[in-house]
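Per-entry structural report
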Amino acid sequence: MKLHHQILDTVLLLLMAGCGVVLQTSAIDLRTFIGCAVREFTFLAKKPGCRGLRVTTDACWGRCETWEKPVLEPPYIESYHRVCTYNETKMMTLKLPKCAPGVDPFYTYPVAIRCDCDICSTATTECETA
């Protein structure tokens with residue numbers, strides 16, 4: 001029986017193709033913070049045929065309670081997994097610089113309004129499975 005990762009994995013969920021992650025500093029001690037919060041986040045917005053543009057936005061960040069324990073009856077494991085994920089977002093659109101002719105220069109990305117510890121939903125998040 002394979003047990004999944006140990007308690008309290010850090011989850012940052014602003015998932016866009018080709019983005020580089022840079023967390024900004026804050027007054028919260030991130031080594032001890034437990035919960036889920038909106039946090040400033042910088043990434044590189046890019047797409048084929050355009051130059052990239054650094055964008056600072058708000059994303060969900062945090063550690064949520066998660067655990068697994070063996071049990072005697074099938075499926076032989078009891079689990080409780082929550083991830084820090086978007087509860088409410090708004091979409092923002094920007095224009096990428098120096099796009100090739102015929103390339104749509106507009107890039108749309110989510111901005112976190114409210115975040116919560118919740119079950120991972122594949123409708124909005126790339127959920128890791130075993």
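Residues numbered from 1 in each chain as written. Predicted model: local features only at pLDDT ≥ 70, side-chain atom pairs only at ≥ 80, totals over all residues. Heavy atoms only, no water.

**Observations concerning the nonpolar core**
In this structure, F43, Y107 and Y109 are the most contacted members of the largest nonpolar core, which totals 18 residues. Among the elements that line this core, the one with the most residues is strand β8 (residues 106-118), at five residues. (Core = buried A, V, L, I, M, F, W, Y, C linked by side-chain atoms within 4.5 Å. Buried < 20%, exposed > 50% of the residue type's maximum accessible area, 1.4 Å probe, protein only. Helix = DSSP H or I, 4+ residues; strand = E, 2+ residues; numbered from the N terminus.)

**Brief notes about the side chain of T42**
Checked against the element boundaries, T42 lands in strand β3 (residues 35-45). Take T42: its relative accessible area is 8%, and that puts it in the buried class. Engagement of the side chain of T42 in a polar contact is seen with the side chain of T56, the distance being 3.0 Å. (Polar contact = N/O pair within 3.5 Å; in protein donor to acceptor, adjacent residues only side chain to side chain.)

**Points about the environment of E68**
Relative to the helices and strands, E68 is located in strand β5 (residues 66-70). For E68, a relative accessible area of 18% corresponds to the buried category. C-alpha of E68 to C-alpha of S79: the two residues are eleven residues apart in sequence and 4.2 Å apart in space. Polar contacts involving the side chain of E68 include one to the side chain of H81, which spans 2.8 Å.

**Some points on the confidence of the model for the protein**
When the pLDDT values of the protein are averaged, the result is 79; 77% of them are 70 or greater. Long-range and interchain partners of residues 1-25, a stretch whose pLDDT sits below 50, account for 69 contacts in this model, where long-range means more than four residues apart. (pLDDT = per-residue confidence, 0-100. Contact = heavy atoms within 4.5 Å.)

**What to know about the packing of aromatic side chains**
Evaluated as defined, the whole model comprises six aromatic pairs. Ring centres of F41 and F43 lie 6.1 Å apart, and the angle between their planes is 25 degrees; on these two criteria the pair is classed as stacked. F43 shares its class with F41; the two are buried. Ring geometry for F43 and Y107: centres 6.3 Å apart, planes at 35 degrees, overall tilted. Separated by 64 residues along the polypeptide, F43 in strand β3 and Y107 in strand β8 bring together distant segments of the chain. The class of Y107 is buried, set by a relative accessible area of 8%. Taken together, the ring pairs in this structure connect F41, F43, Y107 and Y109 into an aromatic cluster. Residue placement shows R39 over the ring face of W61; its charged tip is 5.4 Å from the ring centre. (Phe/Tyr/Trp six-rings, centres within 6.5 Å; stacked < 30°, edge-to-face > 60°. Lys NZ or Arg CZ within 6 Å of the ring centre and 35° of its normal.)

**Some details on the state of the cysteines**
Between two cysteines, a covalent bond joining their sulfur atoms is known as a disulfide. The final tally for this structure, using the stated rule, is five disulfides. The disulfide that involves C60 links it to C115, with 2.1 Å between the sulfurs. On the sign convention where negative means left-handed, the S-S torsion of about -85 degrees between C60 and C115 marks this disulfide as left-handed. In this pair, C60 is assigned in strand β4 (residues 53-63) and C115 in strand β8, connecting sequence segments 55 residues apart. Each member of the pair, C60 together with C115, is buried. Here the cysteine-cysteine linkages of the protein are recorded as 1-5, 2-6, 3-7, 4-8, 9-10, numbering only bonded cysteines and doing so in sequence order. (Disulfide = S-S within 2.5 Å.)

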